[in-house]
Amino acid sequence: MWMAVQKSSLRDLYDKVVEGGRLDESDALRLFESKDINALGSMADFVRQRKVGQKATYIINRYINYSNYCILSCQFCAFSKKKRDSDGFQLSVEQIVSKAREALNLGITELHIVGGLHPNLPFSYYLDFLRALKQLDARLQLKCFTAIEILHLAWMAKKTVVETLTELRAAGLNSLTGGGAEIFQASVRSQIAKGKESAAEYLDVHRTWHKMGERSTCTMLFGHVESLADRVDHLRQLRGLQDETRGFTGFIPLPYHADNNNIPVKEGPTGFDILRTVAVSRLYLDNFDHITAYWVGMGLKLAQVALSYGADDLHGTIVEEHIFHMAGAKSPQGQTEMEMVKAIRETRRTPVQRNTFYEAIRTWDSPEPEAPEPTPGPNALLQGNLATA
Ligand code: SF4
């Protein structure tokens, strides 16, 4: 690790990070523009180790999409349908509960529930399914709705965002999801998600939720028409809100998928681009504890590698995923717990099953330790001298 950075043009940024300094936006852009993926990964891995140690987490969860009907038509989206489309769907409360009941047999601790911006479902529908799921098992953590859905629900129900969130929380909502962030920069946002609420509106929903004492995750959809500077701007705004509220539990970079949509970009990001984005996220977002390698979007094999490029979390077992798969993701619909544990163990990290808030539920035995790497700086020389004396 040390050698990779010592010879790199990123050495000054490494020194800054080691001394606990904060990278600014020009530093982040330099990291993005660097071709030295080994040095970048080493720096991010160093920070990951300093922040969370040898643990790498996963969650046993299930996704449920209650409906794919949506009043918007974001250009990047392959998921949304109109009422006239034959492949649109809308689950009843009973169907949602039935999927949850089956998943409880798999040991899930979390349901992750999102949908399109439905044209006419009443607010009571959302309250009803939250209450029904808590009745099924009060221990289930309900991570539901993007900030964009919250704004839609509030608008449909003629309530303020605070009223909406308060009622949803009383019905059982435990956490917001991070979706809907896309890219914050306004002109890019209108190229990929015309009509969608702005960055300020997205951030304000999370700010409101955090100020109610609650937590959420956040995301960035990358690898389409945005520039590297747009990615830095996006991370800057997330870091700014985190400075203010400390309410984000983790950041999930989402690689763009190119099938079945209206963006004139026919390839998603490369493996190189995905790894550097994970690494820069870890280095620049110094006030985030957790960076997730989202296996649905990058495949489990690359997500496993990303654990050595700053990520400390593999996300969940999921069971049934629609949004990325309708956009061409080739990953399976779900992972078993043992596949995730195996992937983590191979990186010589300790697998930890976590809950929605990244708190440990089960810690697996640590892998056999390897010989420690030399400490950077004069101690390394000293250790070398002692070793040969
Ligand atoms: S990304 Fe969300 S808001 Fe946009 S069209 Fe798809 S489901 Fe609707």
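Bear in mind the structure is a predicted one, so any value in this text is a computation, not a measurement.

**Digging into the site of the ligand**
For step 1, the next point in the chain: In the vicinity of the ligand, the contacting residues are Cys-70, Leu-72, Ser-73, Cys-74, Cys-77, Phe-79, Ser-80, Gly-116, Leu-117, Ile-148, Ala-193 and Lys-196.
For step 2, the next point in the chain: A per-class count over the shell around the ligand returns eight nonpolar, three polar and one charged.

**Considering the pairing of strand 3 (residues 110-114)**
For step 1, the next point in the chain: The element strand 3 is largely enclosed, with a buried count of five among its five residues.
For step 2, the next point in the chain: In strand 3, alternate side chains face the same way, and those of Glu-110, His-112 and Val-114 on one face and Leu-111 and Ile-113 on the other are all buried.
For step 3, the next point in the chain: Summarising the sheet, strand 2 (residues 61-65) and strand 3 pair through five bridges and their orientation is parallel. Along strand 3, the bridge assignment pairs Tyr-63 with His-112.
For step 4, the next point in the chain: Handedness of the crossover is the feature at issue here: the chain leaves strand 2, passes through helix 5 (residues 93-104), returns alongside strand 3, and the resulting connection is right-handed.

**As for the nonpolar core**
For step 1, the next point in the chain: Formed by 106 residues in total, the largest nonpolar core has its most connected members in Met-43, Val-278, Leu-283, Ala-293, Ala-306 and Leu-314.
For step 2, the next point in the chain: The leading source of residues in this core is helix 12 (residues 271-284), at seven residues.
For step 3, the next point in the chain: Among all residues touching Met-43, those that are not within four sequence positions of it are Val-5, Leu-10, Tyr-14, Val-17 and Leu-283.

**Quick notes on unusual backbone geometry**
For step 1, the next point in the chain: Unlike most non-glycine residues, Arg-246 shows phi in positive territory, near 55°.
For step 2, the next point in the chain: Along the chain, the position of Arg-246 falls in the loop between helix 11 (228-245) and strand 7 (248-255).
For step 3, the next point in the chain: Here Arg-246 falls in the partly exposed class, since 13 other C-beta atoms lie within 10 Å of it.
For step 4, the next point in the chain: The phi dihedral of His-315 falls on the positive side, at around 70°, and the residue is not glycine.
For step 5, the next point in the chain: Considering the arrangement of structural elements, one finds His-315 in strand 9 (residues 313-316).
For step 6, the next point in the chain: For His-315, a count of 23 C-beta atoms within 10 Å translates into the label buried.

**Observations regarding the environment of His-290**
For step 1, the next point in the chain: Along the chain, the position of His-290 falls in strand 8 (residues 290-291).
For step 2, the next point in the chain: The exposure class assigned to His-290 is buried, which follows from the 21 C-beta atoms found within 10 Å.
For step 3, the next point in the chain: Taking C-alpha positions, His-290 is 6.4 Å from Phe-251, a pair spaced 39 residues apart along the chain.
For step 4, the next point in the chain: In this view, His-290 contacts Thr-249, Gly-250, Asp-312, Asp-313 and Tyr-358; residues no more than four positions away in its chain are not counted.

**Quick look at the confidence of the model for the chain**
Predicted coordinates in regions of low pLDDT should not be interpreted in detail.
For step 1, the next point in the chain: The share of residues in the chain with pLDDT of 70 or more is 93%, and the mean pLDDT across the chain is 92.
For step 2, the next point in the chain: In the predicted structure, residues 374-389 sits below a pLDDT of 50 and forms six contacts with residues beyond four places in sequence or in another chain.

**Here's the deal with the sheet that holds strand 9**
Either a parallel or an antiparallel arrangement is found when strands of a sheet pair, and the pairing is made through backbone hydrogen bonds.
For step 1, the next point in the chain: Taken together, the four strands give an open sheet; going across it, the order is 9-1-10-11, and neighbouring strands pair in mixed fashion. Strands with a single pairing partner mark the edges of an open sheet, and in this sheet they are strand 9 and strand 11 (360-363). Going from strand to strand, the sheet's axes swing by 25° on average, the running direction of each strand aside.
For step 2, the next point in the chain: Pairing between strand 1 (residues 55-59) and strand 9: two bridges, direction parallel.

**Points about helix 10 (residues 199-211)**
For step 1, the next point in the chain: In this model helix 10 runs 18 Å from its N-terminal to its C-terminal C-alpha over 13 residues, within 8% of the 18 Å that 1.5 Å per residue would give.
For step 2, the next point in the chain: Along helix 10, the residues that are buried comprise Tyr-202, Leu-203, Val-205, His-206, Thr-208 and Trp-209.
For step 3, the next point in the chain: Once helix 10 finishes, Gly-213 follows within two positions and takes phi at roughly 90°, a positive value.

**Let's talk about the environment of Asp-85**
For step 1, the next point in the chain: Structurally, the position occupied by Asp-85 is in the loop between strand 2 and helix 5.
For step 2, the next point in the chain: In this structure Asp-85 comes out as exposed when scored by C-beta crowding, with 11 C-beta atoms within 10 Å.
For step 3, the next point in the chain: Expressed as a C-alpha distance, the spacing of Asp-85 and Tyr-69, which sit 16 residues apart in the sequence, is 9.1 Å.

Reading the values: rules and limits
- Residues numbered from 1 in each chain as written.
- Predicted model: local features only at pLDDT ≥ 70, side-chain atom pairs only at ≥ 80, totals over all residues.
- Near = placed C-beta within 6 Å.
- Nonpolar A, V, L, I, M, F, W, Y, C, P; charged D, E, K, R; others polar.
- Buried ≥ 20, exposed ≤ 12 C-beta atoms within 10 Å, placed from the backbone.
- Helix = DSSP H or I, 4+ residues; strand = E, 2+ residues; numbered from the N terminus.
- Pairing = 2+ DSSP bridges.
- Right-handed = clockwise from strand over helix to strand, strands pointing away.
- Core = buried A, V, L, I, M, F, W, Y, C linked by C-beta atoms within 7 Å.
- Contact = placed C-beta atoms within 7 Å.
- pLDDT = per-residue confidence, 0-100.
- Axes fitted to C-alpha atoms, helices over the stretch in contact; angles between N-to-C directions.
- Expected span 1.5 Å × (residues − 1).

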